[in-house]
Structure formats: C-alpha cells, structure tokens
Amino acid sequence: MFNYLTPQVVLQEVPGEVSLLFTITGCALKCEGCHSPEIHDPNYGQPLTEADYIKWLDKYQALISCVVFFGGEWQSDQLIICLSIAKKRGLKTCLYTGKDKLSKPILAQLDYVKYGRWQPKLGGLDKATTNQRFVNVHTGELLNAKFQTH
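About the criteria used
- Residues numbered from 1 in each chain as written.
- Predicted model: local features only at pLDDT ≥ 70, side-chain atom pairs only at ≥ 80, totals over all residues.
- Heavy atoms only, no water.
- Salt bridge = Lys/Arg side-chain N within 4 Å of Asp/Glu carboxyl O.
- Helix = DSSP H or I, 4+ residues; strand = E, 2+ residues; numbered from the N terminus.
- Buried < 20%, exposed > 50% of the residue type's maximum accessible area, 1.4 Å probe, protein only.
- Pairing = 2+ DSSP bridges.
- Axes fitted to C-alpha atoms, helices over the stretch in contact; angles between N-to-C directions.
- Arc of directions from axis to C-beta.
- Contact = heavy atoms within 4.5 Å.

### Describing the pattern of salt bridges
Side chains that differ in sign of charge can pair as their charged atoms come close.
At step 1: Scanning the entire structure with this criterion turns up 3 salt bridges.
At step 2: Taking the shortest distance from any N to any O, the salt bridge between E17 and K92 comes out at 2.8 Å. Taken together, the residues span a long stretch of sequence, with E17 in the loop between β2 (8-10) and β3 (19-23) and K92 in strand β6 (residues 92-96) at a distance of 75 residues.
At step 3: Among the residues examined, E17 registers a relative accessible area of 9% and is labelled buried.
At step 4: On the accessibility criterion, K92 (34% relative accessible area) is partly exposed.

Dropping the structure here:
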C-alpha cells in the first residue's frame, strides 16, 4: 500500500480538466531540484486505503473531471486499482511519472501521462526546452504546447 498527501483540487496539471490530485510518497527517482523532496520517503504521509480513496472521490466527484496521481507507478497494482475506480465513475485519469515509459496495464487505465524526470536546466512543461512530455494516451498527441503561454 502506498502513502499519500492530502489531495488537492487543481486546475493546471491537465489542460481543460478540473482534477483531484493525489501525491504519492516513496519516489525513488530523487530528481535534482525536486519541488517536494519529502515525498522521497515512502513512510511520509498516510496510507491510501481503497475506502479512503473512495471517500475522497465521493467528496469531490461533482466538482472534478479527472484524477491525477503524482507517482505511484512503483506500486502498480494499487495504482491500477485506483485508476480503475476513477474510470468506472466516468472520470478521466492522469499520471505524472519521472519515467520515460510505463507498463501496458498502467497505460490501459490512463487518459493522460506526463513522462520524464525533472531536470532544472531544462524546465518543466511550460518551457519549450523541457525533456518532459505530456501525452494524450488515446491519440498519442503531445500536449506540451498547452502548458506554454508565450
């Protein structure tokens, strides 16, 4: 079971979607300049039980169109269960991962994915120089331009 931080309703992580964001702790990538180094510790936060996850979805279902996970792919079975629950409720799903590829079972539960480690010199999705890619899983379309405001 993975640990998580209290979810937040966010507007910028998935273009055109109001999302409930779950930050999962235990990230082993430990990217230089990580905005949340405390999430490297798998014991930080609290366990995300299926019952708690459903309570969060119940609380925000009428306000959101998407569920986003920052991490969690290192415990793919639990992540797939969470994504599947969201999909069954008619919500879109997204994963932000530092990896460059994901397993087919995870991809099958996603609508969007952000690939790539954070590299401070290259910037995030809002920079044309980024190494990160934000992709519509169904169409393969690269959506980085939607984050860039210039």
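### Some remarks on the sheet that holds β3
At step 1: Pairing within the open sheet is mixed, and its 6 strands lie in the order β2-β3-β5-β6-β7-β8. Lying at the two open borders of the sheet, with one neighbouring strand each, are β2 and β8 (133-136). Averaged over all adjacent pairs, the angle separating strand axes in this sheet is 20 degrees, with direction ignored.
At step 2: In this structure, β3 lies alongside strand β5 (residues 66-70), joined through 5 bridges in parallel fashion. The residue of β5 that forms the bridge with L20 is V67.

### So, helix α1 (residues 50-60)
At step 1: Listed in full, the buried residues belonging to α1 are Y53, W56, L57 and Y60. Each buried residue of α1 sits inside an arc of 95 degrees when the element is viewed along its axis, so together they form one side. Exposed residues lying more than 90 degrees from the buried face of α1 are K55 and K59.
At step 2: Buried positions along α1 lie against β1 (3-4), β2, β3, β5 and α2 (76-88).

### Regarding the pairing of β3
At step 1: Counting buried positions along β3 yields 5 of 5 residues, so the element is predominantly enclosed.
At step 2: Neither face of β3 is exposed, since S19, L21 and T23 on one face and L20 and F22 on the opposite face are all buried.
At step 3: Pairing between β2 and β3: 3 bridges, direction antiparallel. Paired with V9 across the bridge in β3 is L20.

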